[in-house]
Amino acid sequence: MATKRSAPGESTEDSDQMTIRPLGAGQEVGRSCIILEFKNKKIMLDCGIHPGMSGLEALPYTDMIDASEIDLILITHFHLDHCGALPWFLEKTTFRGRVFMTHATKAIYRWLLSDYVKVSNISADQMLYTEKELEASMAKIETINFHQVTEVGGVKFWCYNAGHVLGAAMFMLEIAGVKILYTGDFSRQEDRHLMAAEIPPVSPDVLIMESTYGTHIHEKREVREARFTGVIHDIINRGGRCLIPVFALGRAQELLLILDEYWSNHPELQEIPIYYASSLAKKCMSVYQTYSNAMNERIQRQISVSNPFIFKHISNLKNMEQFDDIGPSVVMASPGMMQSGLSRELFENWCTDRRNGVVIAGYCVEGTLAKHVMSEPEEVQTMSGSRLPLKMSVDYISFSAHVDYEQISEFVRVLKPPQVVLVHGEANEMGRLRSALVREYEDNPNVKMSLHTPANTQAVELCFRGEKMAKVVGVLAAEEPVDGGTVSGILIKRGFKYHLMTPSDLPTYTDLARSVVTQKQCVPYKSLFSLVGYYLRQLAGEVEEIRESGVIVGYKAFKVVTVLKEAQKVVLEWTANAANDMYADAVVSVLMQIEGDTTGKALSVALSNATSAGKYDDKDKFPGRLFKLLTDIFGEERVARTPTGDGMSVTVDSHVAVISTNDMTVDCEDENLGQQVSGVVRRLHTALHPCKAVLKMKQEEEAEEVDGKPF
């Protein structure tokens, strides 16, 4: 897969570009899977399957990514189109990151996917995973509480209640200070058992939001419930059977509460059986009873008196063998889109009788039987391939717990995110919603909002350029900062936070320990040791002499590299770092030059001759040449001779350096100017009298030999 490269010299981690790429749910409903990339972190948001497809075709486009690079997976809720591909991804790819979902989602995920494996009408070799692989995936899933802040590799995240179904969550992520809110499926309308989705108290920089219903506006809850019970009552009155295809968990519990209350209020219906046809019925109810604290206040108050999920007029039905299909009845059966299982079997048995009816109570994905029958075709195809006439009535009454346009508009109006990415919606609905939001805010100068509607595998690229700030801690923090001053220390990065500290504070604020590496190198050397000092001064300027009992035994160059003489060799020592290593290399180069350069030997001979001849009568030429050199460097107006004639001065920015030509000393209050002028004086003198400079060192060595300390 081709990916956009960072700018030259810019690491992926330092890049300001964020990429959001749907591998599923891009201009479609089903197989939700969003890849978020930012600051070298890759997060997968949901990992679902497409309800209208089977086998590998139902998976998100995971071939677009390297599973081993995914750091984190966050699952919003237990519906198959949001978590159905997770066992496959955990067990059959190279993914090694971490996975999080809420407690209720994990509990229901296990049973719901187990049911999916059993009822899937495909061959074993086409199955995405087995029951054993599903069980193995459970150990890799970690749970998170609502509002609990968790951090993984520098990525902070927490979740809010999303309404929709029990345990559904909206995830807020924070990466390098940038906040991203992923809603998953959410509902802002409280129903009989679930609370409405929360509106986060902080505004995200990016909102990734569902667009399932586009610009549609839902019926009021009371109107919708009355229409639902009225249709069912009509079917019963005409002697028919009523099929309500639902998913085992989610909307089913809401509809069960409505039907049980309606039957209690209508004694004439209490002889008509209501069946909840799901192999998960008992397990589902136990989960709902366990996590009643995640429901609304109405349920929590009621459950303290009596369990609202123990129904008086509803019986559980595990399979068709238990079903006595005689006379009118109401059967709520899974799965909700009638692709297979009990709901498909009952539909094929009842669709030819005009007295019967089917009530579609949730959202239906394109390509499913439930979506097909909503268009009321004359015939339908059975799972065996034969065709049956469709004579039963078909009613669509949406209890789907997704936001409508009014809820979306309110949600966006409160949060005002600068970037909105729409997912989980058919292309037309998504386009209508985008246009409606653009119209709503186009005349509002206070809101600048960009809306994106990416298709599957299409990337949305956003740029977040922020200032990097480092927190000063430890000894450095104890010093009062000076305006315009420099703070020097070690910069430590942990996650996306920076701290500046001294090396001594490392053990206190980090897991790092401080250590010092001292380098030591021996170089064979047989020439005069005084030549080392001479050449080091040419290289480094000032060189510190190391003496023992008044005798030179070594030099320190660049204030960091120590050069000590030993028999037939010199030893270099320095504290290792990038700069000091470079200085040491320069010193070694000088030593090798002295040993290998024949002119060095010739210079020694010249020194002997010069000693006997005593030819050092160039002293009078030095002041004139120094004056000319200084005027060339600093300008005529800045250089002047002293009144006594035995020196000169250099004036720069009110700083004065006074030079004595007798002893070549420089006196100056400004250290920088003094060093600069001293360097000029020293180098000119050495250039005019090289032999005299080395002769002095030779004489010192000879004096050492007289004292009984030979080289």
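Now for a description of the structure that goes with this document. Source: prediction; values computed, not measured.

## Let's talk about unusual backbone geometry
Omega for the peptide link from Ser334 to Pro335 comes to 5 degrees, which places this bond in the cis form. Residues other than glycine seldom take positive phi values, yet His164 does so here, at roughly 40 degrees. The class for His164 is buried, based on a relative accessible area of 4%.

## Things to note about the pattern of salt bridges
Counted according to the given criterion, the structure contains 29 salt bridges. Here Lys42 ties to Glu37 by a salt bridge, and the two come within 4.0 Å at their closest N and O atoms. Residue class for Glu37 comes out buried when judged on its relative accessible area of 19%. Notably, a salt bridge pairs Lys179 with Glu174, separated by 3.8 Å at the nearest N-O pair. A single salt-bridge network, built from bridges that share partners, covers Arg192, Arg221, Glu225 and Glu261.

## What to know about the sheet that holds strand β10 (residues 178–182)
Reading across from one edge, β7-β8-β9-β10-β11-β20-β21 is the order of the 7 strands in this open sheet, with mixed pairing throughout. Of all strands in the sheet, those with a lone pairing partner are β7 (150–152) and β21 (450–452), marking the two edges. In this sheet, neighbouring strand axes are inclined to one another by 20 degrees on average, regardless of whether the strands run parallel or antiparallel. Two strands pair when backbone bridges link them, and strand β11 (residues 206–210) and strand β20 (residues 419–423) are joined in this way by 5 bridges, in the parallel orientation. Paired with Ile208 across the bridge in β20 is Val421. In the packing of helix α11 (residues 405–415) onto the sheet, the strands contacted are β9 (169–175), β10 and β11, and the crossing angle to β11 comes to about 175 degrees. Across the sheet, helix α12 (residues 427–441) touches β11, β20 and β21, and the angle it forms with β20 is around 155 degrees.

## Thoughts on the packing of helix α3 (residues 103–119) against helix α4 (residues 131–138)
For the pair α3 and α4, the least separation of the axes is 10 Å and the interaxial angle reads 170 degrees. One finds that α3 runs roughly antiparallel with respect to α4. Of the two possible hands of crossing, α3 and α4 adopt the one that is right-handed. Residue-level contacts link Lys106, Tyr109, Arg110, Leu113, Ser114, Val117 and Lys118 of α3 to Glu131, Leu134, Glu135, Ser137 and Met138 of α4.

## Overview of the packing of aromatic side chains
In the structure shown here, the tally under the stated rule is 15 aromatic pairs. Arranged with centres 5.1 Å apart and planes meeting at 65 degrees, the rings of Phe100 and Phe157 form a pair that is edge-to-face. In this pair, Phe100 is assigned in strand β5 (residues 98–102) and Phe157 in strand β8 (residues 155–161), connecting sequence segments 57 residues apart. Its relative accessible area of 3% is what places Phe100 among the buried residues. Between Tyr534 and Tyr535 the ring centres are 5.2 Å apart and the planes differ by 80 degrees, which places this aromatic pair in the edge-to-face class.

## Here we look at the nonpolar core
Ile73, Leu86, Phe89, Phe228, Ile232 and Ile244 are the most contacted members of the largest nonpolar core, which has 102 residues in total. The element that contributes the greatest number of residues to this core is helix α6 (residues 251–265), accounting for 8 residues. Those residues in contact with Ile244, other than ones at most four positions away along the chain, are Phe228, Ile232, Leu255, Leu259, Val330, Val331, Met332, Ala333, Val359 and Ala361. One finds Ile20, Leu45, Leu173 and Leu462 within the second-largest nonpolar core, a separate group that totals 30 residues.

The rules we used
- Residues numbered from 1 in each chain as written.
- Predicted model: local features only at pLDDT ≥ 70, side-chain atom pairs only at ≥ 80, totals over all residues.
- Heavy atoms only, no water.
- Buried < 20%, exposed > 50% of the residue type's maximum accessible area, 1.4 Å probe, protein only.
- Salt bridge = Lys/Arg side-chain N within 4 Å of Asp/Glu carboxyl O.
- Pairing = 2+ DSSP bridges.
- Helix = DSSP H or I, 4+ residues; strand = E, 2+ residues; numbered from the N terminus.
- Axes fitted to C-alpha atoms, helices over the stretch in contact; angles between N-to-C directions.
- Contact = heavy atoms within 4.5 Å.
- Parallel < 35°, antiparallel > 145°, perpendicular 65-115°, else oblique.
- Left-handed = near helix turned anticlockwise from the far one by under 90°.
- Phe/Tyr/Trp six-rings, centres within 6.5 Å; stacked < 30°, edge-to-face > 60°.
- Core = buried A, V, L, I, M, F, W, Y, C linked by side-chain atoms within 4.5 Å.

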